[in-house]
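# Descriptive analysis of the structure
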Amino acid sequence: MKSKNVAIVVAVIVIVVVVAAVALMMGGGPTGPAAGVPTELKVGVILPGTVTDYGWDYAPLVALNKLETMDLPIRITSHKFVELVEPGDAEGAARDLVSVGYNWIWAWGFQYREAILAVASGTSQGVYFLINEGKAADAISGKVDVIDEFPHKTAYLLGIIGGSMSRTKKVGVISGMETLHIVLGEAGFKAGAQAYDSSITFDHIYVGGWADPEGGRVAAESLMAKGVDVIYCQGDGTSLGVIQAVKAARDAGKEVFYIGYPVDQSVLAPGYVLTSNVYDYSDILFSMINDIYTGNYGKGKYSIELGKGMEMAPFYNFDTEIPQRAKDMVAKAREDILSGKLTVPTTL
């Protein structure tokens with residue numbers, strides 16, 4: 001009887017060990033902190049614009065709000081936005097944040113790359129840096145990580161929808177400035193629109209700044225005067241003027257449409273925004289916090305793109321107006337892009 005009880009106990013122990021091992025292999029989460037990991041994270045965000053632009057600079061606030069609802073291995077106890085930072089001032093801004101205790105610095109744009117790498121090289125263990133729009137080669141193990149950006153795939157889907165809604169067969173893009181990622185978005189949008197209807201023509205304008213609502217308004221009015229009736233805007237604060245112009249045109253009885261970026265911009269003008277290219281960084285940032293916790297930060301493995309934090313926003317009140325053919329094309333294109341069957345152009 002005694003040997004039987006011992007056998008039962010041994011069997012139970014074996015089962016417990018096996019279950020624990022399986023759970024670990026299935027990615028049940030970090031098991032414990034690496035050496036030197038901070039007990040809290042204080043996030044300092046360096047922005048080229050203002051966090052209230054409901055565009056590029058608003059996206060990190062959206063992500064932070066979502067992170068607050070997640071079960072994080074390291075708590076985020078505070079955050080601070082440093083706004084309207086020119087590239088030449090970014091190094092000083094980063095050093096100032098580190099000097100007052102911020103230990104996870106988000107540089108929200110590729111233009112801050114050199115400044116962040118300069119600061120990171122001289123900081124102690126336990127201070128981490130993130131370069132948004134960075135490249136894998138910039139990652140430094142235990143110190144600097146990056147998020148690369150590939151908007152053309154989602155922009156392709158937006159283009160299909162935009163092309164399907166154009167009555168004049170003229171679509172356009174208004175962007176703050178010409179950058180690699182902006183051109184990717186333009187290329188994807190153009191390709192998607194022309195995939196829906198090969199006779200559609202494309203136009204685009206670079207306003208020359210990310211926080212120029214008046215410039216955005218003038219650019220939108222210029223495109224609409226040419227007959228463009230679908231405008232995709234990659235303009236951040238400049239977008240506010242584009243939305244204003246499209247809203248005024250629709251209120252005057254013109255059938256024109258606005259597509260937003262990189263958050264769901266329907267909040268700015270409910271009933272006037274056809275859809276948006278939405279960047280949700282929360283899951284990527286959650287994974288980075290796990291990397292910090294486990295000592296695996298700085299591997300350069302993250303990107304935001306279709307299916308990985310980037311999606312098309314709902315159509316809201318325009319849903320019934322969008323042709324079913326366009327919706328079917330979007331579903332098929334998304335599947336083909338993610339499987340690698342469809343390659344979206346990256347140049348105009």
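For the structure, see preceding data.
The paragraphs below set out a description of the structure included in this document. (Residues numbered from 1 in each chain as written. Predicted model: local features only at pLDDT ≥ 70, side-chain atom pairs only at ≥ 80, totals over all residues. Heavy atoms only, no water.)

### A short note on the packing of helix α5 (residues 152–165) against helix α6 (residues 180–196)
The geometry of α5 relative to α6 is characterised by a closest axis approach of 6 Å and an angle of 40° between their N-to-C directions. Viewed along their axes, α5 and α6 adopt a mutual orientation that is oblique. Of the two possible hands of crossing, α5 and α6 adopt the one that is right-handed. Between α5, through His152, Ala155, Tyr156, Leu158, Gly159, Ile160, Gly163 and Ser164, and α6, the contact on the second element is made entirely by Leu184, Gly185, Gly188, Phe189, Ala191, Gly192, Ala193, Ala195 and Tyr196. Of the residues assigned to the contact of α5 with α6, the class counts are 10 nonpolar, seven polar and no charged. (Axes fitted to C-alpha atoms, helices over the stretch in contact; angles between N-to-C directions. Helix = DSSP H or I, 4+ residues; strand = E, 2+ residues; numbered from the N terminus. Parallel < 35°, antiparallel > 145°, perpendicular 65-115°, else oblique. Left-handed = near helix turned anticlockwise from the far one by under 90°. Contact = heavy atoms within 4.5 Å. Nonpolar A, V, L, I, M, F, W, Y, C, P; charged D, E, K, R; others polar.)

### Describing the sheet that holds strand β7 (residues 201–206)
Read from one edge of the open sheet, 12 strands run β2-β1-β3-β4-β5-β11-β12-β10-β9-β8-β6-β7, paired in mixed fashion. Strand pairing shows two members of the sheet lacking a second neighbour, β2 (75–82) and β7, which therefore form its edges. Strand-to-strand twist of the sheet, defined as the mean angle between neighbouring strand axes without regard to direction, takes the value 15°. Here strand β11 (residues 302–306) pairs with strand β12 (residues 309–312) via two bridges, running parallel. Counted as the bridge partner of Glu305 is Gly309 from β12. Against the sheet, α5 touches β5 (144–150), β6 (170–175), β8 (230–234), β9 (257–260), β10 (273–279), β11 and β12, its axis set at about 175° to β10. Its contacts with the sheet place helix α9 (residues 282–294) against β1 (40–46), β2, β3 (104–107), β4 (128–132), β5 and β11, and it is angled at close to 165° to β11. (Pairing = 2+ DSSP bridges.)

So far we have only geometry, and geometry alone does not tell us how the molecule works.
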